[in-house]
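# Coordinates in review
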Amino acid sequence: MPAPMTPIVEREPSQSGASQRISKAVLLRRFLSAYWLRPENALWMTLRSLTLSKIRLARPSVDISCGDGVFSFLHLGGVFDPGFDVFTSVALTAGDMFDHVSDDYRPPVETAPGDRIDVGTDFKASMLQKAERLRLYDRLVQHDNNLPLPFDDATFRTVYCNAPYWVQNIDGFLAELRRITHPQGKVILQVKLSSMKDYTLGRFEAVLGRKVLDLIGGARFDCWPTLADRSTWESRFARAGLGVHSSAPFVTRTHAHLWDVGLRPIAPLLIRMANSLTPQTRGSIKADWVDLFADLLAPLCDPHLEVFPGRHEPAEIHYVLTPLTCG
Ligand SMILES: C[S@@+](CC[C@H](N)C(=O)[O-])C[C@H]1O[C@@H](n2cnc3c(N)ncnc32)[C@H](O)[C@@H]1O
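This report concerns the structure included in the present document. (Residues numbered from 1 in each chain as written. Predicted model: local features only at pLDDT ≥ 70, side-chain atom pairs only at ≥ 80, totals over all residues.)

## Some remarks on the environment of Asp85
By the element assignment, Asp85 lies in the loop between β2 (79-80) and β3 (109-111). On a C-alpha basis, the gap between Asp85 and Lys130 in space is 12 Å, while along the polypeptide they are 45 residues apart. If sequence neighbours within four positions are ignored, Asp85 has contacts with Ser33, Ala34, Tyr35 and Trp36. (Helix = DSSP H or I, 4+ residues; strand = E, 2+ residues; numbered from the N terminus. Contact = placed C-beta atoms within 7 Å.)

Here is the structure:
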């Protein structure tokens, strides 16, 4: 049943999240501290948060495919104790090492986020259990995005998702996002583009060989069945009854190439090594590591940074979409 429609006053452009109050350098350090053994992911998430901070996340809000909630926690200004990171609760023997939560998983919080999120959803129970322990979401719902969303029409003022390309039934999913959005609400999607497949070492297969490319992670793209180019995404939005209010590319070809090589192949070894140290030694190496990567990545922490000559499709775009009215 549709929610009653009450007029809302939007403050635009307005901001949300940590980056409206803190510097880019501090934000980068917070993401690095949480994701230190995958610094390329920390950089990507910082760029994502910086771009997302341009818009206020009006409530009621839903974070679709919220995962363990760490991204949204940091985005909204939360601060963890330096001893915490996402590698403290992993199962290195599992296919997806993060699909695991230990009984004593309790991320130590120094500062709670400046805002809450009404609902978080995810496919994986372990992710929701981790998210629950952040005390960020009022409600968490296990849900597969290939199926209709379990919310009434026009429920949310903000519908946020940074993982839409994981969904096979993409047209059905986008139509569902529109359905649950209040007529004056916004759907915020951060979508990767298929150009990413070209921003890899794949073209050097003749030199590197298949084995090296597989070690770097050639199968990554298999998780993203509906990766598409910009015009395909925009056609999908139109078919779902979503109009593009604004769009902002924020990950360039340069960033994507850095991410492609990253520390991914050696991450399981780094995690094993880090988790077999005493907490004191782990903490001291981590502090130096975060300092080093904060300096190394600072010049790259710019959504427009491009070192390749010419114009290139971005690797990820931030879209603010509004429900189109019929007739
Ligand atoms: C890259 S993670 C992003 C998590 C979180 N939004 C973040 O920024 O850290 C993608 C998430 O999508 C979830 N996911 C994958 N397929 C899904 C599906 N069909 N339905 C719902 N969630 C799904 C995964 O469990 C995972 O938590």
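## As for the site of the ligand
In the neighbourhood of the ligand, 15 residues make up the surrounding shell, with Ser65, Gly67, Phe71, Phe123 and Asn145 lying closest. Partitioned by chemical class, the residues of the shell around the ligand number seven nonpolar, five polar and three charged. (Near = placed C-beta within 6 Å. Nonpolar A, V, L, I, M, F, W, Y, C, P; charged D, E, K, R; others polar.)

## Overview of the packing of helix α2 (residues 39-52) against helix α9 (residues 253-261)
For the pair α2 and α9, interaxial distance at closest approach is 9 Å and the crossing angle is 150°. With respect to each other, α2 and α9 are oriented roughly antiparallel. Residues Glu40, Leu43, Trp44 and Leu47 of α2 pack against His255, Leu258 and Trp259 of α9. Of the residues contributing to the contact of α2 with α9, the split by class is five nonpolar, one polar and one charged. (Axes fitted to C-alpha atoms, helices over the stretch in contact; angles between N-to-C directions. Parallel < 35°, antiparallel > 145°, perpendicular 65-115°, else oblique.)

## Focus on the pairing of strand β5 (residues 137-142)
Inspection of the sheet shows strand β4 (residues 117-122) paired to β5 by five bridges, in the parallel sense. Within the sheet, the bridge partner assigned to Thr121 lies in β5 and is Val141. (Pairing = 2+ DSSP bridges.)

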